[in-house]
Amino acid sequence: DKYEDESIYRWVDLRIPSYEIVNCFTNTIEDSSIREAMRLTFQGRGKYQRIKHFMITNGIIEKYYHFKDVYIKDKVLAWCKQNNILVVE
């Protein structure tokens, strides 16, 4: 069993708030009118549903999903490095 030595495996609860990811993604948008519209859209109740609809409508939802994947991976790898955990990909 490859998990025989449980001491070398560690579950990590690294919570990255969704609003942090959306705000960081928004800052990457070069078109200032779209960037500002995103900031206005991402406020108040229902902001996640509205921002998703906005990204779909403006054709940037796939760009967002890619950004989110890379952002989370970078955060996890940084945490591992900070805690001297070797990552094997």
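The structure this text deals with has already been given above.
So, here's what we can say about the structure. Just so we're clear, the structure is a prediction, and the values are computed from it rather than from any experiment.

1. Thoughts on the packing of aromatic side chains
In the structure shown here, the tally under the stated rule is 5 aromatic pairs. Between the aromatic rings of F42 and Y48, the centroid separation amounts to 5.1 Å while the plane-to-plane angle is 80°, which identifies the pairing as edge-to-face. We classify F42 as buried; its relative accessible area is 9%. Judged by centre distance (5.6 Å) and plane angle (25°), the ring pair of F67 and Y71 falls under stacked. Placement of the pair is F67 and Y71 together in helix α4 (residues 61–82), with a separation of 4 residues, close to one helical turn. Connected via pairs of aromatic rings, a cluster forms that spans F25, Y64, Y65, F67 and Y71. One cation-aromatic arrangement involves K47 over F42; the distance from NZ or CZ to the ring centre is 5.2 Å.

2. Some thoughts on the pattern of salt bridges
This structure, assessed with the given rule, holds 2 salt bridges. With its nearest N and O atoms 3.4 Å apart, the salt bridge here joins K75 to E20. You can see K75 sitting in helix α4 and its partner E20 sitting in helix α1 (residues 18–28), a full 55 residues away along the chain. Across the pair E36 and R39 runs a salt bridge, and its minimum N-O distance is 3.7 Å. With E36 and R39 both in helix α2 (residues 32–41) and 3 residues apart, the pair spans about one turn of that helix. Exposure remark for E36: the relative accessible area of 38% places this residue in the partly exposed category. For R39, a relative accessible area of 35% puts it in the partly exposed group.

3. Quick look at the side chain of T26
Mapped onto the elements of the fold, T26 is located in helix α1. Given a relative accessible area of 3%, T26 falls into the buried group. Of the polar contacts made by the side chain of T26, one reaches the backbone oxygen of V22; its length is 2.8 Å. Once residues within four sequence positions are removed from consideration, T26 is found in contact with R35, M38 and R39.

Thresholds, definitions, all that
- Residues numbered from 1 in each chain as written.
- Predicted model: local features only at pLDDT ≥ 70, side-chain atom pairs only at ≥ 80, totals over all residues.
- Heavy atoms only, no water.
- Phe/Tyr/Trp six-rings, centres within 6.5 Å; stacked < 30°, edge-to-face > 60°.
- Buried < 20%, exposed > 50% of the residue type's maximum accessible area, 1.4 Å probe, protein only.
- Helix = DSSP H or I, 4+ residues; strand = E, 2+ residues; numbered from the N terminus.
- Lys NZ or Arg CZ within 6 Å of the ring centre and 35° of its normal.
- Salt bridge = Lys/Arg side-chain N within 4 Å of Asp/Glu carboxyl O.
- Polar contact = N/O pair within 3.5 Å; in protein donor to acceptor, adjacent residues only side chain to side chain.
- Contact = heavy atoms within 4.5 Å.

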